[in-house]
Amino acid sequence: MTQIGTVVRTGGGMTEVAFCSDSDCEKCGACAGGKKKNTLWARGEAQPGDIVRVEIPDGTTVKASLLAYVLPLAALIGGMAIGLVLMPGEELIAALLGLALMAVVFAVLAVTEKKRKNTPEWTPVLAEILPAPGAKGSGEDMPEA
């Protein structure tokens with residue numbers, strides 16, 4: 001996955017980049033000014049104000065989605081199913097068991113997040129510093145981040 005953004009700040013070999021999803025923002029309009037900015041830290045060096053292309057490996061995006069959404073949902077459904085098998089007719093207990101199992105999964109993910117965060121496979125990378133919008137030789141204006 002590739003995104004274009006603007007460098008906000010740098011430090012320790014990492015760069016904070018701000019992104020704005022114009023197509024998503026047009027549909028939502030919930031934030032002031034109609035533009036929502038998201039930031040992330042990426043490996044690489046650039047100067048604040050630079051427009052950069054950030055790459056996140058596609059496999060990492062899929063894995064992160066599985067960890068954040070599928071695994072907790074599977075724990076919730078699995079816990080409820082186990083509760084209904086062990087105690088038929090006790091839906092409240094089954095629901096509480098599902099929620100408890102989902103909470104355990106979230107706790108394990110939170111504990112292991114620091115390890116994943118420090119692994120190069122999970123860290124976005126600055127792929128390229130792009131010419132500023134309107135600069136000579138830039139070809140065309142880049143979207144505002």
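As a reminder, the structure under discussion sits directly above these lines.
Residues numbered from 1 in each chain as written. Predicted model: local features only at pLDDT ≥ 70, side-chain atom pairs only at ≥ 80, totals over all residues. Heavy atoms only, no water.

**Observations concerning the pairing of strand E1 (residues 2–11)**
Note that E1 and strand E4 (residues 51–55) share five bridges and pair antiparallel. By the bridge assignment, Thr2 is partnered in E4 with Glu55. Across five bridges, E1 lies against strand E2 (residues 14–20) in antiparallel orientation. Among the inter-strand pairings, Val7 is bridged to a residue of E2, identified as Val17. A loop of two residues connects E1 with E2, the two strands running antiparallel in sequence, and Gly12 in this loop sits at a positive phi of about 60°. (Pairing = 2+ DSSP bridges. Helix = DSSP H or I, 4+ residues; strand = E, 2+ residues; numbered from the N terminus.)

**Observations regarding a nonpolar patch on the surface**
A surface patch of nonpolar side chains, amounting to about 450 Å² of accessible area, comprises Ile82, Leu86, Met87, Ile93 and Leu97. The class for Met87 is partly exposed, based on a relative accessible area of 40%. (Patch = residues over 30% accessible without salt bridge, like charges linked within 9 Å, V, L, I, M, F, W, Y side chains within 5 Å. Areas by Shrake-Rupley, 256 points an atom, 1.4 Å probe, with all protein chains shown as cover. Salt bridge = Lys/Arg side-chain N within 4 Å of Asp/Glu carboxyl O. Buried < 20%, exposed > 50% of the residue type's maximum accessible area, 1.4 Å probe, protein only.)

**Some points on the side chain of Glu16**
Among the secondary structure elements, Glu16 is positioned in strand E2. Contact partners of Glu16, with chain neighbours within four places excluded, come to Thr6, Val7, Val8, Arg9, Thr39, Leu40 and Trp41. (Contact = heavy atoms within 4.5 Å.)

**Brief notes about the pattern of salt bridges**
In the structure shown here, the tally under the stated rule is one salt bridge. The partner of Arg53 in a salt bridge is Glu55, with the nearest N and O atoms 2.4 Å apart.

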